[in-house]
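# Overview (structure and organization)
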Amino acid sequence: MNHKPAGTFNFARERYAALGVDVEAALAALARVPLSLHCWQGDDLAGFETPQAALSGGGIMVTGNHPGRARNIDELRADLDCARLLIPGRQRVNLHATYGDFGPQGVARENINREHFQSWVDWARARDLGLDFNATCFSHPMAASGFTLSSSDERVRRFWIDHIRHCREIAAWLGAQLASPSIHNLWIPDGSKDLTVSRYRHREILLASLDEIFAATHPREHLKDAVESKLFGIGSEAYVVGSHEFYLAWAAKHGSLLCLDMGHYHPTESVADKISALLLFIDEMLIHVSRGVRWDSDHVVIFNDELRALMEEIVRAEALGRVYFALDFFDASINRVGAWVIGARATQKALLYALLEPTARLREYEDAGDNFARLALLEELKSLPFGAVWDEYCARANVPPNDRWIAAVRDYETKVLSKR
Ligand code: RNT
Ligand code: ZN
């Protein structure tokens, strides 16, 4: 560390120490947790499959038309580099299959393979980043019926089984190349708009498809598989094949990771409270850090109650090594690089806030039945000099603390984004 901590930080450290919290240990713990940055925030999930690619179908939607969307792989990488300069801590990058280096002609979904990701490996290696991966089971004519792996049309089902098998191979290869396991997350849009009679049958077909896909095994040090459920989507309001119960049971039975997307539950349902239940049955989990406003709207993540509660539960369960974090939001109505930075910093801040909790003291109160003191201390924590600790974390990572990074985004907007 070649920088001198501010007096406010020293003051904060003492205030936390008085409650039994080791601030240095919290900072060290925070620095160990990688955050996977989702490539799709940079281009509104369009990808590079064809020159005119755009997000379509799949019940997910991007709104807004702020200028400056990344139009090709070079622009996307430049934007990620800009964002990364403003985000402290360890990072990874999360790719969708449609973000390969496909060249000007593009590549059809069924022909995507590892060679299209060689330049991502080079790029990631030069930056000491791990890469995560996702099969892309939407924005494609073969997904137009609203069903992919659970389709009763064998040709459709076969197409997606093959795609996902390839994607898991690519992910395992990325993990091997970068000597860091790649998390392959599987989310499919399958479902239907209105009353569905064959609910059991589609789930049965999905199960059979998963059996085929996951019959191919890859070393866990190269690939970790996650499965992601959803409550509903646009066009799949009445029925979602891959529901929470479906994947929860599947992950528990097959030992895969379960992905919880924070926007994929009823608005009043606490994702935080699921952690301590699931971790008793599931070894590892992936969190899609997102923010739903009234619905699964994928708003930019902020430092709010839900995110803090989630981090608190993970820290209290001592589960940091078992839970992985990947951003998942897309907002095309504001500067996209800025959106990345806001969401990434909010996630890290929430984790820091949780790491600075005097949990031992709170447990003492709780065990003694002193619920008044527990509540009172939880309230007092909210006005501790947390910001000074966050600023120190940023400064040590050579990243602008507090609001100083906003100017860097503005500058990039003027010099780069506004010229697109
Ligand atoms: C969709 C899921 C899924 C996607 C990404 C792009 O509702 O959240 O994770 O957002 O794969
Ligand atoms: Zn998600």
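Data block above holds the structure.
Let me sum up the structure you'll find in this document. Because the structure is predicted, anything quoted here is derived from the model rather than measured.

## So, the side chain of histidine 184
Topologically, histidine 184 is positioned in strand 4 (residues 182-186). A distance of 3.0 Å separates a polar atom in the side chain of histidine 184 from the backbone nitrogen of alanine 135.

## So, helix 9 (residues 305-316)
Given a rise of 1.5 Å per residue, twelve residues ought to cover 16 Å, and the 16 Å separating the end C-alpha atoms of helix 9 matches this to within 8%. Within helix 9, the full set of buried residues consists of Leu307, Arg308, Leu310, Met311, Glu312, Ile314 and Val315. Buried positions along helix 9 lie against helix 8 (272-278), strand 9 (285-289), strand 12 (323-327) and helix 10 (336-355). Two residues or fewer after helix 9 comes glutamate 318, characterised by a positive phi angle close to 50°.

## Quick notes on the coordination of the zinc ion (ligand 2)
Surrounding the zinc ion (ligand 2) are the protein donor atoms Glu228 (OE), Asp261 (OD), His288 (ND1) and Asp328 (OD), which sit 2.1 Å from the metal. Coordination at the zinc ion (ligand 2) is octahedral: its six donor atoms span angles of 71 to 172° at the metal. Mapping the donors of the zinc ion (ligand 2) onto the primary sequence yields the spacing E-x32-D-x26-H-x39-D. Within this pair, whereas glutamate 228 is found in strand 6 (residues 223-228), its partner aspartate 328 is found in the loop between strand 12 and helix 10, the two being separated by 100 residues in sequence.

## Some details on the packing of helix 9 against helix 10
Interhelical geometry of helix 9 versus helix 10 gives an angle of 50° and a closest axis separation of 8 Å. As summarised for this structure, helix 9 and helix 10 are arranged oblique, according to the angle between their axes. As helix 9 runs across helix 10, the sense of the crossing is right-handed. For the pair helix 9 and helix 10, the contacting residues are Leu307, Arg308, Met311, Glu312 and Val315 in the first and Ala346, Thr347, Ala350, Leu351, Tyr353, Ala354 and Leu355 in the second.

## Here we look at the site of ligand 1
If you check the shell around ligand 1, you find 13 residues, and the closest are His96, Glu228, Lys230, Asp261 and Asp328. At 2.6 Å, a side-chain N or O of lysine 230 approaches an oxygen atom of ligand 1. With respect to ligand 1, the side chain of histidine 264 contributes an N or O atom lying 3.1 Å from an oxygen atom. A majority-of-atoms criterion places ligand 1 in the largest cavity.

## Quick look at the sheet that holds strand 9
Taking strand neighbours around the barrel as the criterion, the eight strands line up as 1-2-3-4-6-8-9-12 in a closed arrangement whose pairing is parallel. Ignoring strand direction, the axes of neighbouring strands in this sheet form an average angle of 30°. The pairing of strand 4 with strand 6 spans five bridges and is classified as parallel. By the bridge assignment for strand 6, serine 182 is matched with leucine 223.

## Here's the deal with the packing of aromatic side chains
Each aromatic ring pair is summarised here by two numbers: the centre-to-centre distance and the angle between the ring planes. What the rule picks out here adds up to 13 aromatic pairs. Geometrically, the ring pair formed by tryptophan 120 and tryptophan 123 is edge-to-face, given 5.2 Å between the ring centres and 85° between the ring planes. With tryptophan 120 and tryptophan 123 both in helix 4 (residues 118-127) and three residues apart, this pair spans about one turn of that helix. Exposure class is identical for tryptophan 120 and tryptophan 123. Each is buried. Between phenylalanine 232 and tryptophan 295, the aromatic rings sit 6.4 Å apart at their centres with planes inclined by 45°, giving tilted as the arrangement. Of this pair, phenylalanine 232 sits in the loop between strand 6 and strand 7 (239-240) while tryptophan 295 sits in strand 11 (residues 295-299), placing them 63 residues apart in sequence. For phenylalanine 232, a relative accessible area of 24% gives the class partly exposed. Its relative accessible area of 33% is what places tryptophan 295 among the partly exposed residues.

## Structural notes on the pattern of salt bridges
This structure, assessed with the given rule, holds 26 salt bridges. A salt bridge links glutamate 75 to arginine 71; the shortest N-O distance between them is 2.6 Å. Glutamate 154 is paired through a salt bridge with arginine 157; the nearest N and O atoms lie 3.0 Å apart. Of this pair, glutamate 154 and arginine 157 both sit in helix 5 (residues 154-177), three residues apart, which is roughly one turn of the helix. Owing to a relative accessible area of 9%, arginine 157 belongs among the buried residues under this scheme. Through salt bridges with shared partners, a single ionic network connects Arg13, Glu24, Glu392 and Arg396.

Parameters and conventions
Residues numbered from 1 in each chain as written. Chains lettered and ligands numbered in written order. Predicted model: local features only at pLDDT ≥ 70, side-chain atom pairs only at ≥ 80, totals over all residues. Heavy atoms only, no water. Helix = DSSP H or I, 4+ residues; strand = E, 2+ residues; numbered from the N terminus. Polar contact = N/O pair within 3.5 Å; in protein donor to acceptor, adjacent residues only side chain to side chain. Expected span 1.5 Å × (residues − 1). Buried < 20%, exposed > 50% of the residue type's maximum accessible area, 1.4 Å probe, protein only. Contact = heavy atoms within 4.5 Å. Donors = N, O, S within 2.8 Å, 3.2 Å for Na, K, Ca; no water. Tetrahedral: all angles 85-135°; square planar, octahedral: opposite > 155°, others 65-115°. Axes fitted to C-alpha atoms, helices over the stretch in contact; angles between N-to-C directions. Parallel < 35°, antiparallel > 145°, perpendicular 65-115°, else oblique. Left-handed = near helix turned anticlockwise from the far one by under 90°. Near = heavy atom within 4 Å. 1 Å grid on protein atoms, 1.4 Å probe; cavity = no way out; pocket = protein on both sides within 12 Å on 5 of 7 lines; lining within 4 Å. Sits in = over half its atoms within 2 Å of the grid points. Pairing = 2+ DSSP bridges. Phe/Tyr/Trp six-rings, centres within 6.5 Å; stacked < 30°, edge-to-face > 60°. Salt bridge = Lys/Arg side-chain N within 4 Å of Asp/Glu carboxyl O.

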